[in-house]
Each structure stands twice: as C-alpha cells, then as structure tokens.
Number of protein chains: 12
Amino acid sequence: MPQTPNFLVINGPNLNRLGRRDPKLYGSTTLADVEKALRGRAGELGAAVTFFQSNHEGAIVDFIQENAGAASGVIINAGALTQVGYSILDALLDSGLPVVEVHISNIHAREEFRRHSVIAPFARGQIAGLGWRGYLFALEYLASETGQAGKASRTR
Amino acid sequence: MPQTPNFLVINGPNLNRLGRRDPKLYGSTTLADVEKALRGRAGELGAAVTFFQSNHEGAIVDFIQENAGAASGVIINAGALTQVGYSILDALLDSGLPVVEVHISNIHAREEFRRHSVIAPFARGQIAGLGWRGYLFALEYLASETGQAGKASRTR
Amino acid sequence: MPQTPNFLVINGPNLNRLGRRDPKLYGSTTLADVEKALRGRAGELGAAVTFFQSNHEGAIVDFIQENAGAASGVIINAGALTQVGYSILDALLDSGLPVVEVHISNIHAREEFRRHSVIAPFARGQIAGLGWRGYLFALEYLASETGQAGKASRTR
Amino acid sequence: MPQTPNFLVINGPNLNRLGRRDPKLYGSTTLADVEKALRGRAGELGAAVTFFQSNHEGAIVDFIQENAGAASGVIINAGALTQVGYSILDALLDSGLPVVEVHISNIHAREEFRRHSVIAPFARGQIAGLGWRGYLFALEYLASETGQAGKASRTR
Amino acid sequence: MPQTPNFLVINGPNLNRLGRRDPKLYGSTTLADVEKALRGRAGELGAAVTFFQSNHEGAIVDFIQENAGAASGVIINAGALTQVGYSILDALLDSGLPVVEVHISNIHAREEFRRHSVIAPFARGQIAGLGWRGYLFALEYLASETGQAGKASRTR
Amino acid sequence: MPQTPNFLVINGPNLNRLGRRDPKLYGSTTLADVEKALRGRAGELGAAVTFFQSNHEGAIVDFIQENAGAASGVIINAGALTQVGYSILDALLDSGLPVVEVHISNIHAREEFRRHSVIAPFARGQIAGLGWRGYLFALEYLASETGQAGKASRTR
Amino acid sequence: MPQTPNFLVINGPNLNRLGRRDPKLYGSTTLADVEKALRGRAGELGAAVTFFQSNHEGAIVDFIQENAGAASGVIINAGALTQVGYSILDALLDSGLPVVEVHISNIHAREEFRRHSVIAPFARGQIAGLGWRGYLFALEYLASETGQAGKASRTR
Amino acid sequence: MPQTPNFLVINGPNLNRLGRRDPKLYGSTTLADVEKALRGRAGELGAAVTFFQSNHEGAIVDFIQENAGAASGVIINAGALTQVGYSILDALLDSGLPVVEVHISNIHAREEFRRHSVIAPFARGQIAGLGWRGYLFALEYLASETGQAGKASRTR
Amino acid sequence: MPQTPNFLVINGPNLNRLGRRDPKLYGSTTLADVEKALRGRAGELGAAVTFFQSNHEGAIVDFIQENAGAASGVIINAGALTQVGYSILDALLDSGLPVVEVHISNIHAREEFRRHSVIAPFARGQIAGLGWRGYLFALEYLASETGQAGKASRTR
Amino acid sequence: MPQTPNFLVINGPNLNRLGRRDPKLYGSTTLADVEKALRGRAGELGAAVTFFQSNHEGAIVDFIQENAGAASGVIINAGALTQVGYSILDALLDSGLPVVEVHISNIHAREEFRRHSVIAPFARGQIAGLGWRGYLFALEYLASETGQAGKASRTR
Amino acid sequence: MPQTPNFLVINGPNLNRLGRRDPKLYGSTTLADVEKALRGRAGELGAAVTFFQSNHEGAIVDFIQENAGAASGVIINAGALTQVGYSILDALLDSGLPVVEVHISNIHAREEFRRHSVIAPFARGQIAGLGWRGYLFALEYLASETGQAGKASRTR
Amino acid sequence: MPQTPNFLVINGPNLNRLGRRDPKLYGSTTLADVEKALRGRAGELGAAVTFFQSNHEGAIVDFIQENAGAASGVIINAGALTQVGYSILDALLDSGLPVVEVHISNIHAREEFRRHSVIAPFARGQIAGLGWRGYLFALEYLASETGQAGKASRTR
C-alpha cells in the first residue's frame, strides 16, 4: 500500500450526464462537481482519488485491473451495471480492495429491477439515496478505515 | 419546524447490546459511544438529537408518535424489526419526516432474510455496512438537507 | 353468552392517529368519533361494545385473553399487524369468537404487502375500503348473527 | 348524475342458484330475496337499484356499458369471474363509477384460487363473508357517499 | 335419481371442430361420431346421454343448471376453458353430480398452460390422451358406479 | 385462398367504447374511424376487411370458425381477453391463418397482468402502443405477406 | 411385434397392499382381483398380459428392460414413484412402447405433491380416479390401438 | 458457567392458555404443570430452571438479555412468534447459549405458515409434536450436554 | 396390539456408517451403540424394539409391510430418503402406526434440500439435532403414549 | 426540435449479420437494405434517419448521449441486449425521446428468455415478428406523431 | 492410498442399455466399450479402475461403502438418479473421495428436470455432453491430480 | 472447413488475470501457460488454435463474427459473462460452430448466480471444475469430432 492512500472513484454508464439527467431524481450537481468536492476533502484527509467514468463495462474492468495495485479502496457507482455487472464484480473481488457502493438516488424506492445489486453482497457497505454526499461519506469511511488499520481485509 | 433542528435517533431490539454483541460483526463501540459522538457532532452543526432504544416494537411506535411533532428528521436502525416492522413503517410514514435507515453491518452480505427492509423503500436512503459511522453520515445528511431547504418532502 | 351481547372492538398500531393520519387515505374521522358512533348504534341494537387500541401486539393479545370470556364477537382492525400478527391470530382462534376484520382503506388497492391478512382466513369476513362505516357494518352483522343464532360457530 | 341515484347490482355466474346452492356456505336466502331487501332499503334511502344476473361474461360487459351512463355506483358479485373477469374490470374502469365488490362467503377462507380478485384493486372496497347483508352494507355505503359528495372519484 | 340414468356429455369451445381440427393431435373422429358411439353404448348399458357443445362459457353454465336435476353424472371436456372455467366448476360443484373429465389429447404432454385443470381436483377422475375412447371409458365408469351404488357422493 | 384477399379484423370486449374510453390512454379515434381507415387502405391494396367486435368470447370463437375459410389473415385486439382467451387462441390455431395481434396502448407499460398475452406466442407478431395506426401496420404487413407468398404458413 | 399382443401391467410400491390399504381411498379390490379381471378381458381381446409388482424401483427398471422386447405396450401405476421415478421413465422411453399411466385414486384431488407425474408427459395418456376400472380402460385402449395400427409410435 | 447449571424455559404468546386452549391439539396439561414437571426433573439432574412466559416479544428479548449471563442453555417455545420473531432470534444468538426449540403440536402437520421457524436453523435442534414431554426431552438433552462438555459451542 | 409393545426402529441409507461418518456432524456413537442403548431402555420400560437398517428404499418398504402387524409404533430416521421417500411414507400411512421421525443432526441448520421431510407432516412429531439421544426420546414418547392409551390414532 | 425531424435507428449486437444470419428466422434482407428502405421512406416523409449498429453496449450508450440532442425519436432493436441492457435503457430515458422497440422475429414465440424486454415498459410501443417492415412501421409512427404534435412526451 | 491408484467408475440406472438406447442422443458405444477403453488408458497411466453398474440406488450406495476404502477417486454417471440420488450423495460425501460427475449427453440442453444435479455441487467438477470421451477425460483428470498431490482434499 | 482444423479459444473478462487471481480457486497456471499447452497439443493433433481474451463483451462478439468463417469449433470460458452474455450466445449460434464451454472452477459448487449458463444449453457440452485441463479436454473432444465427421452439426 502506498504512503498516501489512493482511492479509485468509479462511475458507470450515464453518470457522465449527472446534473443534466432528471434533476428531480439525481439533483443538479455534475460529476465534475463531485470530483472537485472529493479531491478537496481527500486533500484534507491526506489521501488522493483517481476518477474514472465509462459507459463501457469492459473499460471499467480494464481500469480496475490496471489501477488496483496502487490503490487502497474503491468507491463505485456502477449505474445500470449494478444489476448485471458480474464482470466488474469479479474484477473487484480479484483486486482484494475494500469497496463501498454508492447510489445517488434511493434504489430501494425505485423500480423493482434497480433494488438488487450484484456488487453489494461483496462490498463493505452501500450508501443509497443521500445524493452526491454519498460519495463523500464513502471517502470518509475508507479514509478512516485505512488510517486505522492499513489496507483492511474484506468483511466476508 | 423548530429553530434548532432536532433529529430522532431510534435503535431497535438488541442494539442496547452494541459493543458487547458479536464484535467481529458489530465492532466494540457501544450505543452510549454512538450517542456521545452524535451529540458532539450535532452541537457543531447547530442541531440536537433525541436518542431512543427499545426492544419493544410498540414502544418505538409510541415514541415516534409522541416526538414526531417537534422533530426534523429520523435516523433509524430497527434491528431485526427491519424485516417485519410494518407498524414502525406506518408510524414513520404518518410522521411525514425525512428518514435515513442505518445498519451497522452490511445486511446485503448476511443471511438472505436480513437483506429486505420494509422501511427502506419509504426512506430517503439507506447506509449499510459502514459501522457506527453510518449514524454520523446520516446526521450530516439530514443536517445539510434541513439547513438548505427546511423540512424536505419525501423523495417519493 | 351474556344477556346483553358485548363486542370487542380492537384497533392496532397507529390507529390512535386516525383523523390526523393521511386524510386522503383514511378520512378525518377520529377513533373517538368511531367509538361514539358504534356505542350509539350498539345501544339501539341492545348490545354493548368494549373499545381497545394499542401499538403493542402483546397488549392486544393480553386484552383478547382477558375479555374473550364475556364477549360475543370481535371487530378488529389490526393495522400493520394484519400482515404479521400471528400471535393475535392465535389469541382470536383460542377465544372461539366470531371475528370480522375491518380496514378503513382498500388494502387490495395499496402496496402489495398490505393485501395479505393472516387473520382473514380465520375470520367470518372482511370489510375493506368503506371508511369508518366498515366498523358499523361489522357491528350490524355481528349483532344480527348473535340475535339470530346465539354464539355462532366459526365458518370453517 | 341523476336526481335519484341509481345503483347497478350485478351478479355473475351461478348466483341465480342462490338459496338452492350449498346452503352451509351460501345460506338459504335467494337472489330474489336479496333484490327485495335492497329495493326496500333503497327506497328508504331515496335511491333506486337496477338488478342484473347472468352466467355470460359478455352479457355483463354489455349491461355495464348500457347502464353506466345513468348510474351512480355499482355493487358487484362476479362469482367465479372474480378471478378471471378482466373484461368486466375494463368495463367498470371505463364507466368511471364507484364500485363495491361483495362476496357472500369469506373468499379468504376458501380455496386459494378464490382469494385473488382482479376487480378489488380498482374498487372502493370489498365485503366478504358477511352473507347477503354484504349487499346491504354496500348499498348503505354508496348511498351515503353519493349523498355527501355527489359522484365520487375512484380511490386510486 | 331417475330410473334410467342419464349422463350429461359436455364439450367446450372448438370441440365442434373435432375431426377437422389438427388431425395429428385430435384424430379424424367427429363429435357426431363420438355422440353416436356413446348413444349406442349407453343403450346397451340401459342408460341415456344428453349431448351439449358450446363455444360460450355462460351457455355451458346455463346447460348444467338446467339439466343437472334429471342427470346422474357428467362427462366433460371443457376444451380451453379447462384452465380458466371457474364458472363451470362452480356450476358442477353446485350440481352435486359425479364428474369425469375427458381430454382427447394428452394434456400432460402439451404446452405447460394446458396441464393445469381447475375442474380435475373436484372431479371423480380424469382421462387424458386416449382419444375419443376416453368418452367411452368415462361412460362405462359412471354407468357402473351408478348401477352399483346409486348416485354416488363426490370423492372429496 | 380467395382472389381478393380478405382479412378478419376482430376486436374484443370494451373496444366498441374506443374514443369514449379513457382518451389519455386510448386516444379519441373511434372503432368506426379505425374501420373506415382500414377499409380505405385495404381498397388501395386490393384487399378486403371483415370487421367484428363483441364483448362475448364465445361469439368471437363462433365468428372465427365461420369466417376463417374465406379469409387470408387475422388482425386481432382481444382486449382484456388477451390474458385469458385460450378458447380464442384455439380457434385461431384451428384456422391455420396468419395472425397479427394489435394493442392500442403499450401493454408492456401498464399493469403487470396486461403484459402477458396467451395469443402472441402463436401469432406472426405483435404491435403494441402505436395507437390506432397499429391496425394499419398489421394490414400492411398481412397484405404484403399475402401478395408475396400466398397464404403463408405460421412462423412456428 | 408378436402375433398375440402382450401388455406389461406394472404396479409400483405398496400396490401389493391394494384392498387392505385405506379402503375409502383405494376400494376393497385386491391386486389379484385386478389381475384376474385383466387376464379375462385380455383373453376376450386376443391379447395377453404380464403382471409385475415391486416395491423396488430398480426391480421395475430391470423388468422393463427384460420384457420390453416381447411386449406391445405398458400399463403402469408407479405408486409413489410417479413423482420421482426418473429411472423408470428412462426405461420406458428406452423401450419405445406406448404407455398408459393409471392411478386408482384421483391424484389431482389429493396432496399437491401427488399431482405431478414425471411419466405422464411421455405417456400416451393418463387415467386417474376411476378405481380399478382404470386398468381395464387402459387395456381396452392399448388393444384397440395395437389392433388398428400395429405397434404405434409415441404421441410426441 | 455457574456450578449448578440453570436453563431458561421461555414460552411465547398464548402459551399461558395451555390446558384451556384447544385440548385436541395441545392437550390438557397447563403451563404450571409443565413447570412443576420440569422443576422436579431438573432437581434430579442437579440443575435449575428459570421459567418465563409473555405475550410481548419485547419482554422476551428483555428477559433473554437479563438472564443469559447466568444461564447454561435455553428451551424455547416461541408460539406464533416462531415465524416472525427475528428480534428473539438475535437475542438468542447474542447470548451464545445452546438453544432447543420445542413445539407441543406437530407444526409440520399444521397450516403451511406454521412450518417455518426463524429460530430452528440457529438452534441445536427442534422437537415438535411430542406434547408437553418435548420440554422434558429438551431438558434431558441440555443437562447431558452441559454435564459432559461444559457450555457447548453452537453446532454451526 | 401385543401384550409387550414392540417398536420398529428404522434407519435409512448410510446410517450403518454412523460413528465413522463425519464425526463433527454425527458424533462418534455407532448404530450398534444406539441399538444397545435403546434395547436397554426398552427393557426398563417393558417394551421391545426391532432394529432395521438398509440402503435400499424397497427393502425398507418391505420391512414395514412385514412387521407393522405386530408393532405398536415406528421410530424412523430415513437418512437422505427423508426428502424423496414417498414410498416409505405410503407404507407408514398404510400401517396405521404412530410414527416419530428422528434426525441426528439439525436438518433445519443444514443445506436447504435437507430441511423438507415428506414424512414429518404425517408423523406424530419430529426430533432433530439432539444426536443419538433423539432415538431415546422418541422411544420414551411412544412407550408413554402406548402405556396410557393403547395404540393411539394418528394426530391428523 | 430541429426543422427536419431526425430519427435515430439503433441496432445492437449481431444485427450487422442480418441477411446472413439464420434466414428462416430473420429473412434475407440485410441491414444495408433496411437502411436504404428507411432512408427512402424518410425522404418521402420529410424526415431524416441516423443509422448506428454496434456489438458494444457502451458504444450504443455513447451514441445515444451524443445524438439525442438533435433527434426527434429513436427506433431501437437492441438484439440480445434487450434482456440485460439496463444502461441503454437509462440512456434512452435520459434522452427524453419517444422510443419504438422493434424485433424482426416474434420474440414472444421464441425461447422464454427472449420474451422479456427491459426497454419496452418505457417505450412508446413494441413491434415484434413483422420482419424488416417493423422498422418501416416504427418510422411511420414516429413521423406522424412528430408531425402532429412536435416532440411528444413519453406515454408514462 | 494404495500404491496403484484405483478409480471407481459407477453407472446408474439404464446405462447398461448404452449403445442400444436412443443412439442419436447417446451414440452407439456400449458400456463394455467404455470399460475397455478406460481399462486400457488406466493401464497406460499406471492406475486401475473398478467398474459398477446398477439400476438399484441402494446397490450403488452399498458399492460405494464397500469399495471407498481402497479407492483414490470416483467417476460417476448416476443416470436419472442424478436428480434425486441424495443417498448416493451422502455415500460419496462419507467416502471423502474426489468425485467427477460425467454425463454422456448435454444435460443442460435437455428437459429442465435433467439440468439440476444433487451431486455436482459436492464434486470436483462435471463433464456433460462430450459423449463417452467424458469418462476418459475424468480419468485423465483424477490420475493427474492423484499423481501430483496424492489423495486430494475436496474443492470445498 | 479448412484442411487444418482451427479452433477458437475465447476467454472472457478477468481471465487475463489467471494465475494471479485467487490461486486456491483458480490455480497458479497463467493464461499464457494454457495457450502454450493448447498450441502444443493442437500441433500433435494436426490442428491449430486461435487465442483471444477480452474484458469487453462487444469485442468478443466482433471476434466471433470475424473468425467463425475459418474455424472448426469454439472453446469458450466466458467468465462472468456466462450468466448474462446473450450477445455472445447469439454470435455463437450465428456461427453454426460446435461449442464447448469450459470453467476452471466448479461453478456448480459456487455462488448460486454462477451456476446458470446462458451458453451451455446451446453448446455441445460443458466442462467445469477440472482446472486448466478442462481446455485440453475440450480440444481433444473437438479434434476427435472434427476428425471423424468433418464440421459436425450442433447437437440440438
């Protein structure tokens, strides 16, 4: 693990549209705003973040494989791949990194098909429905866990 | 809404045992520790918290009915009533308050029967698996939402 | 069976909030109004009613056990315990009394989880969606059944 | 809405056999008895009823289409079409009239296939298991609703 | 029960097409051929048969209601109403007559939706896949049962 | 096959109300308007159409049996019989004609029970949600198929 | 196929107890009575029957393998192996013989687990609920089929 | 573990009615009789028992939390909370004590909803259908296990 | 019933391996040890036991048929036939004897497929998870029931 | 909305093989043929079409995001992504454009897994089984809708 | 483990018919051919094989119990017992030997009921659809595993 | 078919990590090792192999489309796309090539979601749990099938 912990922040399909996408559901904050806020907070916490967004599942798998070695944790909002992204799940499991899943809207209050995540059972936890602050809380959590005990083992 | 926002923090059955209950799963932080941390942070945010724990579902319903009028939001960890606490759900719906559900352990990674919450579809969101910090993040969220836009309407 | 038939009218969790609870769904009639109307009509029918409301399942079981001996029938709106109140069901079965289940709103037109009653299969019948008048109709039914044939045996 | 409110009372397949059909389950009251009782009570309430029974689903649909315009509400016991009568449901929805579903026996206590009604989710409510009085209670309900607020909008 | 036992032989929708309908599945025997064969065999057995075919479920219900009083048993092939003919089922139950269900083709070897009969659980038995002879076997069965024990009670 | 191809256009229960029925869902075009438009377009295509609407399933089965011999294809909107019209399905299968199923509204976007068609798996195809034009497209399709290859065999 | 057609009549576990086993459900006819009646009728039809009963699934498989070569058809009542006798099914399929499944009681009216047969989908047909005469009807069917068309191919 | 092993004997809702409750199902032995018999046998075994009955789930959770520290095992008949008592389950798991579940009647032979226990998968075992002796056998088991190996670890 | 009551103790497939089979799950007691303990206790109770173990379902059916006449009850651990032993179930039902089902390990805490017993709904009761003592408790129960009331009728 | 309406025509995985892919199921028309036919018809209607095919889900999401701003509607055949393409669905929803789903073969008549579309519930409608003409009908529909009412709002 | 590793090759019901059984599905190779090929290859690998086939589940359990002690692994094609052979599964688990499951035909492409194996989750692996060579591949695998690492522990 | 048969060996997401990925589950052999072993064995068999690995589903579809024409068969380990790779399935079906599915670990012994393959029902067969040798066995199978009968038709 590096001296300065680095957290991968991964956003899946259509999250590049954040802020322009149904504001009632997702708010008006853009992904650039989220990135800026996270970088600021990471700096205060003595950590770094590596941002990545893609509409391609394969590209997300590539990214995880290439960046996991130098990372201390993963914050992921897989978008609509949350339901079917088994390949992303395998890449995350393979990385051995602690993962926190974030959803901007409350997936438990939306269409039935959005409620089931293939990633959550293998993550440290899930934050859903708290808007863009969900990413911030995930960062706080990972930073404090990393600070306390180094690179933590997976919950199960 | 009161001048100083007050948030109800409700814990259900067996959470009075926190800290002494299976530490691998729930950590060693006690409920008193959580209360202290939340009171401290609430003070910094210009807010107050009202704590309540009970092993009795009826007592939790009573508490919500009696305290909802003077409250700005609810943080609830219903424990094992998460799966069957329809009466608590009705009391929360009746209160019209924004609700954030918190689980210390990652319920999505435990026994199948723990994954389904009857409350989550009607809450603002859910935080699961991030330990005692989940309560803190819920407080941060409700405080910022209340500060920005007064008593917010439910997401759906 | 007593000379003057007495009917137990039991209301479960959150029904003490009737009249102040989502008026679009439940109307503006309070539980006190319902009690008054039922007492009036019972008097005309030469019968009596014993009212009880509690947010505690155990208290409802206690009430049934203590009052069944001197009662001729039960009108019950178990609120959200309708779905999970197996203990109430057992107390009702144990009492041997004819039971009519009442719901103010049309549970068949609401969330899926509200449609299934654990009590209805063992009751004389169910009235749903006819507002506070449902209690009145249940009283009329039980009074006429009791007047005609004494303490009737359960339908099945 | 007409000056004198008129309620359609519709009975589906096999209900013409009422009184001669399994008396333990359905009682000895005939459909003519029910009609007479309802006409008497309707007169007292300043209302009228139009009776109809058929073993043919198509004929029931025809009847609703032809009589809905001059009616204020519908009382329907669709018999065994309760489970599969989607065409009747569409005719009722198309009419825009408030509907109360009646069942003489407690369908919740009989064979599993009888418990699910395709009509109930779109009706004002359902009365089951209270014998022929169920029709009377439905009439009382519709009359009082019509008297209070004119032709009421559907619950959902 | 009449001196000469009379059996109702009821055929549902599309069975008037027998012999012209997919011969590989249903054979080339027409319904008239079946009727002739049954009448011949009934004569030898000292019994009579009343034939009826309709594409209208309501008409079959009417027929059962009108003819059950003078009948000793029912042989029924409800065609595609086998799956949804709850109204026919109710009419058969109401008649109190012993019923044998016949299917020309082996419904257990066809599309899944054809395998479930709503009538069979309440019939004496079911014959499927033995072609037009299935009617003959049903007649033999009912005649022998009637001869032995008069109008037999239903199996369950 | 006749010289001038003739297509049966069958509408099931409640479609006689088209234009007066929930306009937001079904539009303001009446069934007479649809018939006129189809007759006009059929004339241009050198074809004829035979219209039929009934609220009675048995009558639709009768119609198919009586008209299939002189027809080249079927356009059917079975209304609410789409879900349970096994008898209509059998009549269509028996006719051996190519069938196109039409729905004015998008049944895939409505209540769950409307999504499953018992006819579609045995039809050439299904058009749903394109309003009254769906009938027109079905006619275009059948006319071009008939013109190309005579009376086409069923897809499966 | 042999000159004199021979039919295997196979009875599974506990059918050796026929006549002494729950007479209300199975009657008082013994398996020896059934055998005698079938031998008599087979003689009249110019056919022979080979009887076999075993409580051992493997023994029934052995019997089918050893006797199929000289047989023209199979009548089987597999008893409680009807639900799980996949090995018997495979042996029957392997034999290529036409099979008729017989059940003395109406399996469609008994416990749910008895309704599903693994054999029926691959048999010519099934007779259930007609008592010991079911075997006789199966014999009549197979004899007539064999007389007409030699060793018939399976229905599907 | 104390010198004299002490076993908690917990009875849930409606079991205070034992002896007066449907004697065909539950027998005429009262809970006081059971307590007396267990105390007698415990004395012979050099052990003690602490009895508790409540109709309130919360009270049972309180009792377990307060008494687990000085106990060597739990015998529990949760009554109708067997199906939904997740809070009791959590209290039992938290206690770390060996648990034996007892049911007086054979829950596997009653209504479907009574067959599933949320406690049994986490207990040492379950005794059902052996009447009041089930408690006695549970005591014998726990006493012998405790005597042999001290406070035994849970089976899984 | 014989003067000295005799109980059949039946063990199914692989239980002859008891003691050598996964000791963590099944303990180190052998089937011979169990037999010896039961014989000893039976002698004290004035009863006898007939032991039988087989890996062949058919052999168990044979054993029940041959020994039921002189027996007063059955203790059975059907091993892996618990899930599919319908033939054993039929033989047990046919015997009319009271049955107690025993499982050494807690089947409710093992793989899902082991939890469902086809025998339990028709037995007096089930003991699971209490090790070899389960057999002993079953013997105590049957002996006391037989001593009290002779050959008891089945619970349902 | 642009002066000349432009429609996106999107084809998913393997549709580049159209014409060479199983001709019995998909016909011999190539995707280039479809494009040519659509361009021709669009010209006549005063509209334009933008064609796109990809085997990559991510590329389809990119295309929708980049082209939705200048488009009036979408015609999509997502191929095998119809069942799992939640990311495409989100991109379509985000675009706010009216969507018509097209399938060349009748997906309702093929393997079960092909029948469920994740897109259809959110589209204007679906055309299935009408071959390449399905695209043409979709274009006709969108052109007429756009011409009548500008950029139409989604049906639900 | 013996010096020369010995592998049990077990074939279940109807596999003695291999070669004469539906050749399109199973090929024309007989079980004797398979045995010969395996013996030859085993010799080359310095191993031995013990062949066994039976139509009796109990006989297979006996065989495993008697031969497991001197064996290094098991190759099993349980035929139709694959779906219900829990007793065989228990015997295999009890043996502690590595197991490879073989199916001649591709069970994943046949009837639904053949796809689920009760053995596979507890085996090293499964080979299906590769004809008689599947046995050969299983032998190669077990021989190489045994040669490398002695008697390997089970995968899970 | 080419003179020298060429087999496509396709590996899906995360299989490029083979050897470095959870060695307990997948072993320490790398994908390059597998390629080398397969090339060596293919040379001995007079065949060639074309290797391909990608984390992108679309890229795998592209590869199959571009290489199928000159190939004789496909060996595929689709990784986590096994569960959702309908697009890959369609490309394989379109190719008409014989396919063998390989999984290194025993998917039948892992998480439930890994057991179902969308490809297997349409493949020649599946090898699971035999480690990297699974690829070798698949190659042996395809080579021998190709050598015997040229380019074989699909099994179903």
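Note that this is a predicted model, so its numbers are computed, not measured.

Details of the packing of aromatic side chains
Evaluated as defined, the whole model comprises 32 aromatic pairs over all chains. Of the aromatic side chains, those joined through ring pairs into one cluster are A:Tyr86, A:Phe122 and L:Phe113.

Considering the interface of chain B and chain A
Residue-level contacts link 23 residues of chain B with 24 residues of chain A. Approximately 2000 Å² of surface area, both sides summed, lies buried where chain B meets chain A, with 55% of it carried by carbon and sulfur atoms. Among the residues chain B hides against chain A, the three largest losses belong to B:Leu130, B:Arg133 and B:Phe137. Together they make up 27% of the total. Taken together, the links from chain B to chain A amount to 2 salt bridges. Scanning the region where chain B abuts chain A turns up 12 residue pairs in polar contact (both at pLDDT 80 or more).

Considering the sheet that holds strand E1 (residues 6-11) of chain F
With respect to topology, 10 strands assemble into an open sheet ordered E2(F)-E1(F)-E3(F)-E4(F)-E5(F)-E5(J)-E4(J)-E3(J)-E1(J)-E2(J), the strand pairing being mixed. Two strands bound the open sheet, and with one partner strand each, they are strand E2 (48-53) of chain F together with strand E2 (48-53) of chain J. Across this sheet, the average inter-strand angle for adjacent strands is 20°, counted without regard to direction. By the bridge criterion, 5 bridges tie E1(F) to strand E3 (residues 73-77) of chain F in an arrangement that is parallel. Paired with F:Val9 across the two strands is F:Ile75, which belongs to E3(F). Helix-sheet contacts for helix H2 (residues 31-44) of chain F involve E1 and E2 of chain F, and the interaxial angle to E2(F) is about 165°. In this fold helix H2 (residues 31-44) of chain J packs onto strand E1 (6-11) and E2 of chain J, with an angle of close to 165° to the strand it touches most, E2(J).

Describing the sheet that holds strand E4 (residues 99-103) of chain E
By definition, the strands of a sheet pair up through backbone hydrogen bonds, in either a parallel or an antiparallel sense. Strand order in the open sheet formed by 10 strands is E2(E)-E1(E)-E3(E)-E4(E)-E5(E)-E5(G)-E4(G)-E3(G)-E1(G)-E2(G), with mixed pairing between adjacent strands. Both edges of this open sheet fall to strand E2 (48-53) of chain E together with strand E2 (48-53) of chain G, since each of them pairs with a single strand only. Here the strands of the sheet are splayed against their neighbours by 20° on average, with no regard to which way each runs. Here strand E4 (residues 99-103) of chain G pairs with strand E5 (residues 125-128) of chain G via 4 bridges, running parallel. Residue pairing for E5(G): G:Val102 is matched across the bridge by G:Ile127.

Notes on the relation of the copies chain B and chain A
Put simply, the two copies of the chain differ by a rotation about an axis and a shift along that axis. For the pair chain B and chain A, the relating rotation is 180°, the translation along its axis is 0.0 Å, and the fit reaches an RMSD of 0.0 Å. What we have between these two chains is a two-fold relation. Rotation axis and chain B: the residue whose C-alpha lies nearest the axis is B:Ile127, separated from it by 2.3 Å.

Side note on the packing of helix H3 (residues 57-67) of chain I against helix H4 (residues 86-95) of chain I
A pair of packed helices can be characterised by two numbers: the angle between their axes and the separation between those axes. Residue and element names in this part refer to chain I. The interhelical angle for the contact between H3 and H4, taken along N-to-C directions, is 0°, at an axis separation of 9 Å. The orientation of H3 with respect to H4, classified from their angle, is roughly parallel. Contacts between H3 and H4 pair Glu57, Ile60, Val61 and Ile64 from the former with Tyr86, Ser87, Ile88, Ala91, Leu92 and Ser95 from the latter. Its residues placed into classes, the contact of H3 with H4 shows 7 nonpolar, 2 polar and 1 charged.

Overview of the interface of chain F and chain D
How big an interface is tends to be stated in terms of the accessible area lost upon association of its parts. Each partner contributes to the interface: chain F provides 16 residues, whereas chain D provides 15 residues. Both faces considered, chain F and chain D share a buried interface measuring about 1300 Å² in area, 48% of it formed by carbon and sulfur atoms. Taken together, the connections running from chain F to chain D amount to 2 salt bridges. For F:Arg114, the salt bridge goes to D:Asp90, with nearest N and O atoms at 2.8 Å. For the pair chain F and chain D, the interface holds 8 residue pairs in polar contact (both at pLDDT 80 or more). Looking at the side of chain F that touches chain D residue by residue, the class counts come to 5 nonpolar, 5 polar and 6 charged.

Description of the confidence of the model for chain A
Parts of the model with low pLDDT should not have their predicted coordinates read in detail. Residues and elements named next belong to chain A. Of all residues in chain A, 92% attain a pLDDT of 70 or more, and the chain-wide mean is 90. The model gives residues 148-156 a pLDDT under 50, and that stretch makes 18 contacts with residues more than four places away or in other chains. Overall fold confidence (pTM) sits at 0.91, and the ipTM for the predicted complex is 0.90.

Some remarks on the side chain of E:Ser117
Residues and elements named next belong to chain E. Residue position: Ser117 is located in the loop between E4 and strand E5 (125-128). Here the side chain of Ser117 touches Ile119 through a polar contact of 3.0 Å, landing on its backbone nitrogen. Among the polar contacts made by the side chain of Ser117, one reaches the main-chain amide nitrogen of Ala120 at a distance of 2.9 Å. Leave out the neighbours within four places in its chain, and Ser117 touches Thr82, Glu101 and Gln126.

Brief notes about helix H3 (residues 57-67) of chain D
One turn of an α-helix holds 3.6 residues; hence residues three or four places apart share an orientation. Residues and elements named next belong to chain D. Within H3, 8 of the 11 residues are buried, which leaves it mostly tucked inside the rest of the structure. Glu57, Gly58, Ala59, Ile60, Val61, Phe63, Ile64 and Gln65 are the residues of H3 that are buried. Contact partners of the buried residues in H3: strand E1 (6-11), strand E2 (48-53) and helix H4 (86-95).

Some points on H2(J)
Residue and element names in this part refer to chain J. For H2, which comprises 14 residues, the first-to-last C-alpha distance of 20 Å matches the rise-based estimate of 20 Å (1.5 Å per residue) to within 8%. Taken together, the buried positions of H2 are Leu31, Val34, Leu38 and Ala42. Projected down its long axis, H2 shows its buried positions confined to an angular sector of 65°, all on one face. In H2, the exposed positions angled more than 90 degrees off the buried face are occupied by Ala32, Lys36 and Glu44. Gly46 sits one or two residues past H2 and shows a positive phi near 70°.

A word on the environment of G:Leu136
Residue and element names in this part refer to chain G. Within the element layout of this structure, Leu136 appears in helix H5 (residues 133-149). Since its relative accessible area comes to 19%, Leu136 is described here as buried. Spatially, the C-alpha atom of Leu136 lies 9.7 Å from that of Val102, the residues being 34 residues apart in sequence.

The rules behind each value
- Residues numbered from 1 in each chain as written.
- Chains lettered and ligands numbered in written order.
- Predicted model: local features only at pLDDT ≥ 70, side-chain atom pairs only at ≥ 80, totals over all residues.
- Heavy atoms only, no water.
- Phe/Tyr/Trp six-rings, centres within 6.5 Å; stacked < 30°, edge-to-face > 60°.
- Contact = heavy atoms within 4.5 Å.
- Buried area = accessible area lost by both parts, 1.4 Å probe.
- Salt bridge = Lys/Arg side-chain N within 4 Å of Asp/Glu carboxyl O.
- Polar contact = N/O pair within 3.5 Å; in protein donor to acceptor, adjacent residues only side chain to side chain.
- Pairing = 2+ DSSP bridges.
- Helix = DSSP H or I, 4+ residues; strand = E, 2+ residues; numbered from the N terminus.
- Axes fitted to C-alpha atoms, helices over the stretch in contact; angles between N-to-C directions.
- Least-squares fit on C-alpha atoms with pLDDT ≥ 70 in both.
- Parallel < 35°, antiparallel > 145°, perpendicular 65-115°, else oblique.
- Nonpolar A, V, L, I, M, F, W, Y, C, P; charged D, E, K, R; others polar.
- pLDDT = per-residue confidence, 0-100.
- Buried < 20%, exposed > 50% of the residue type's maximum accessible area, 1.4 Å probe, protein only.
- Expected span 1.5 Å × (residues − 1).
- Arc of directions from axis to C-beta.

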